[in-house]
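Spelled out from the first residue to the last, the chains are:
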Amino acid sequence: MMCAAQAGQRGRRVLLIDHAAQLAEKIRISGGGRCNFTNLRVTADNYLSRNPHFVRSALARYGSREFIELVDRHRIAWHEREHGQLFCDHSAQDIIDMLRSECADGGVDWAMPVTVERIERLPADTTSGAPRFRVHCATGTACCASLVIASGGLSIPKIGASPFGYRIAEQFGLPIVAPLPALVPLTLPPETLQRLSTLAGISLEVEASCAGGSFREAALVTHRGLSGPAILQISSYWQAQAYDGGARAPVTLDLLPGTDVHAWLQQHAHARSLLPNLLAERLPKRFAQAWCELHGWSRPLNQFRSAELDSVADTLQAWPLAPSGTQGYAKAEVTLGGVDTRALSSRTMEANACPGLYFVGEVMDVTGHLGGYNFQWAWSSGHAAGQFV
């Protein structure tokens, strides 16, 4: 919709084709129905890609400030939450209505719900504006000089996610970075789950780290493993290791972020109180007890040698967990991987080897952090393409 609105307002004739029966479901369900539509702190560092500098151009030309100006122009009330996240005061529907209105201002035509059956490339014609593609739909055909694929990734299949965009990219010779679930809960192996099974539902603040990423937010113990903002964030980094081959490094959790754990434990080295009871001063009690039992440390502090307390401190600050996997696309917020951006122009989003073919949003190998960054990439990339199609 962002791309269509921009192109239409430039005077281009635009047809927006969508196979879904309900418009913009991913916007509607986001942010608990309030849509975390952008973030005040958007930079290129908030995105993962095999081509990490690709996002810079589009973000620089249309960033969070420009989208906020659009939201304000439509008189949508919003508020800021932690970590610079912006949400609608009323409803995510406000953002959908805003984009629909922008499309109306550009005279955009709609075909919805309509399934695209196949796309063919027409013989080359150097005439300006000459059709390059023919799109065959269940309801008929349409020819166009520019074809924009904004079909998203594989996350949340129940609202219509499909590999359509990847198939089109492959049809026209563009490489794909293998898709993986991202911003997704992690599962743990049975032997770890068995020891932590009684802790499901417990949440605590941690600093989760893996493969160069680090996030200090809440983690949640579940019946299948770990979730919560810190885990969703670090899951993308844990998953991205698959592209480098070899074994994946574990996720490490600092259970007492911001605390000099070594000094704190040494202060209590001669105490007769149990280690779980001391940890319960700063961690949920049931978690402290189960964590100590998991490591065989449920005894009085004065029974630990100094080196053992150092080991306890080290583990509290970097508890290594090797996930067994993820909860998959059904629980994933977004998709890691996608159309390889090295085959696209960072200025226009056009395929280098296929003039007139553009890709925007999540279908590309660009994955944002949790907190409005993926929506901002949709707005930024859509705006960029909309200036050139």
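Whatever comes next refers back to the structure up there.
(A) The arrangement of unusual backbone geometry in detail. The omega angle of the peptide bond from Met 112 to Pro 113 is -5°, so this bond is cis rather than trans. Backbone geometry places Arg 75, a non-glycine residue, at a positive phi of 55°. With respect to the helices and strands, Arg 75 occurs in the loop between α4 (64-73) and β4 (78-80). In this model, His 83 sits at a positive phi of 60°, which is unusual for a non-glycine residue. Tracing the chain through its elements places His 83 in the loop between β4 and β5 (85-88). The class for His 83 is partly exposed, based on a relative accessible area of 36%.

(B) Summary view of the pattern of salt bridges. Using the criterion set out here, one finds nine salt bridges in the structure. Notably, a salt bridge pairs Glu 25 with Arg 28, separated by 2.4 Å at the nearest N-O pair. Taken together, the residues Glu 25 and Arg 28, both in helix α2 (residues 25-29) and three residues apart, mark about one turn of the helix. Relative accessible area serves as the criterion here: at 33%, Arg 28 is assigned to the partly exposed category. A salt bridge links Glu 205 to Arg 216; the shortest N-O distance between them is 3.0 Å. Placement of Glu 205 in strand β13 (residues 203-210) and of Arg 216 in strand β14 (residues 213-221) is noted, with a sequence separation of eleven residues between them. Here the residues in one salt-bridge network are Arg 118, Glu 120 and Arg 134, joined through shared partners.

The rules we used
- Residues numbered from 1 in each chain as written.
- Predicted model: local features only at pLDDT ≥ 70, side-chain atom pairs only at ≥ 80, totals over all residues.
- Heavy atoms only, no water.
- Helix = DSSP H or I, 4+ residues; strand = E, 2+ residues; numbered from the N terminus.
- Buried < 20%, exposed > 50% of the residue type's maximum accessible area, 1.4 Å probe, protein only.
- Salt bridge = Lys/Arg side-chain N within 4 Å of Asp/Glu carboxyl O.

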